[in-house]
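Coordinate inspection notes
Given next are the chains, with one letter for each unit.
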Amino acid sequence: MIRLSTLLSRTAAAALLGSLLVLAGCHRGATKDEAIKTAQMQGQFDATVQAYKSGQFMVDGAVLSALDTGSHFAYLKDQGKLPKTVLLVPSDESKVRKAHLEFMARMQLDYGFTVYYDDGGTLKKINPVDTKARELEDYHAPVKMNDEMKGKEASSGGYDPSQR
């Protein structure tokens, strides 16, 4: 068996202890618990979009469908003013829903900007690969029927040629 001198073994033990102290000093243990707060970072983004009801967005105070929001970003791209980072925040009317994330993932793929969203006061980045990018669509309000049309179906009361 090979015997090491006591000076060499003590030097190796001191180096090991020193490296452990240096590594422990570098790691605070706060990387997972520390999240960026949305209120602190809101001014750092090029554009802010609010989530609105039924998959719509509020852009600069106007309520737009997902298709219109995409058209807005296409216009900004044509003008050379396309933002590099976009922040999606909840509005007074709605929180950020899955449909909003899917529409923004599509816009992120189409226009090449990065989208972050507010998730309970912390910022998260939308990953278009993980989030199913949804085809942009126009908003259609629910149709209300007249009172005279209620209870009637298109299939009931078929065509009767004798009533001409």
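Residues numbered from 1 in each chain as written. Predicted model: local features only at pLDDT ≥ 70, side-chain atom pairs only at ≥ 80, totals over all residues. Heavy atoms only, no water.

So, helix 4 (residues 98-111)
Heads up, the rule is: For the purposes of this entry, the term helix denotes a DSSP run of H or I that reaches at least four residues, the term strand denotes a run of E that reaches at least two, and both are numbered from the N terminus. Multiplying 1.5 Å by the helix residue count minus one yields the expected span of that helix. The buried label goes to any residue with under 20% of its type's maximum accessible area, the exposed label to any with over 50%, and the partly exposed label to all in between, with areas taken from a 1.4 Å probe on protein chains only. For this analysis, residues touch if any pair of their heavy atoms sits within 4.5 Å.
Under the 1.5 Å per step criterion, the end-to-end length of helix 4 is 20 Å for 14 residues, consistent within 8% with the ideal 20 Å. When helix 4 is considered as a whole, its buried residues turn out to be Ala-99, His-100, Leu-101, Glu-102, Phe-103, Met-104, Ala-105, Arg-106, Met-107, Gln-108 and Tyr-111. The inward-facing, buried residues of helix 4 contact strand 1 (47-51), strand 2 (57-59), helix 3 (66-78), strand 4 (85-90) and strand 5 (114-119). Trailing helix 4 by a residue or two, Gly-112 shows a phi angle of about 80°, which is positive.

Thoughts on the pairing of strand 1
The condition that has to hold: We treat two strands as partners when DSSP finds at least two bridges between them.
On strand 1, burial follows the alternation: Ala-47, Val-49 and Ala-51 on one face are buried, whereas Thr-48 and Gln-50 on the facing-out side are not. Once strand 1 ends, the chain turns through five residues before running back antiparallel as strand 2, passing Ser-54 with a positive phi of about 55°.

Some points on the packing of helix 3 against helix 4
To keep things clear, this is the line we draw: Note on definitions: angles span 0 to 180 degrees between N-to-C directions of axes, and those axes are lines fitted to C-alpha atoms, for helices only across the stretch in contact. Angles below 35 degrees are treated as roughly parallel, those above 145 as roughly antiparallel, those between 65 and 115 as roughly perpendicular, and all remaining angles as oblique. Crossing handedness is read from the near helix: turned anticlockwise from the far helix by less than a right angle, it gives a left-handed crossing, and turned clockwise, a right-handed one. Each residue receives one of three labels: charged for Asp, Glu, Lys and Arg, nonpolar for Ala, Val, Leu, Ile, Met, Phe, Trp, Tyr, Cys and Pro, and polar for the others, Gly being one of them.
In contact at an axis separation of 11 Å, helix 3 and helix 4 are set at 25° when each is read in the N-to-C sense. Classified by the angle their axes make, helix 3 and helix 4 are roughly parallel. By crossing handedness, the relation of helix 3 to helix 4 is classed as right-handed. Contacts between helix 3 and helix 4 involve Ala-66, Thr-69, Gly-70, Phe-73, Ala-74 and Lys-77 from the first element and Phe-103, Met-107, Asp-110 and Tyr-111 from the second. Across the contact of helix 3 with helix 4, the residue classes break down as six nonpolar, two polar and two charged.

Quick notes on the sheet that holds strand 5
Read from one edge to the other, the open sheet built from six strands follows the order 3-2-1-4-5-6, with strand pairing classed as mixed. Of all strands in the sheet, those bounded by a partner on one side alone are strand 3 (62-64) and strand 6 (122-125). Each neighbouring strand pair of the sheet contributes to a mean axis angle of 35°, computed without reference to strand direction.

Some details on the packing of aromatic side chains
To be explicit about the condition: Only rings of Phe, Tyr and Trp enter the pairing, Trp through its six-membered ring, and a pair is recorded when the two centres are within 6.5 Å. The plane angle decides the type: under 30 degrees is stacked, over 60 is edge-to-face, the rest tilted.
Across all of its chains, the model carries four aromatic pairs by this definition. Among the aromatic residues, those joined into a cluster by ring pairs are Phe-73, Tyr-111 and Phe-113.

Focus on the confidence of the model for the protein
Any residue range with low pLDDT should be treated as having predicted coordinates unsuitable for detailed reading. Rules: Scored from 0 to 100, pLDDT reflects the predictor's confidence in each residue.
With 68% of its residues at a pLDDT of 70 or more, the protein has an overall mean of 78. When pLDDT is averaged over each element of the protein, strand 2 comes out on top at 92 and helix 2 (residues 38-41) at the bottom at 61.

Observations concerning the pattern of salt bridges
Short version of the rule: By salt bridge we mean one thing: a side-chain nitrogen of Lys or Arg within 4 Å of a carboxyl oxygen of Asp or Glu.
The full count for this structure, using the stated rule, is three salt bridges. Glu-93 is the salt-bridge partner of Lys-53, the closest N and O atoms lying 3.5 Å from each other. You can see Lys-53 sitting in the loop between strand 1 and strand 2 and its partner Glu-93 sitting in the loop between strand 4 and helix 4, a full 40 residues away along the chain. Owing to a relative accessible area of 40%, Lys-53 belongs among the partly exposed residues under this scheme.

Comments concerning helix 3
Applicable threshold: As used here, the arc is the angular range of directions from the helix axis to the C-beta atoms.
Compared with the 18 Å implied by 1.5 Å per residue over 13 residues, the 18 Å span of helix 3 between its first and last C-alpha is a close match. Of all the positions in helix 3, only Ala-66, Thr-69, Gly-70, Phe-73 and Leu-76 are classed as buried. Within helix 3, the buried residues cover an arc of 115° as seen down the axis, which keeps them to one side. Looking at the packing, one finds that the buried side of helix 3 touches strand 1, strand 2, strand 3, strand 4 and helix 4. Backbone geometry just after helix 3 places Gly-80 at a positive phi near 75°.

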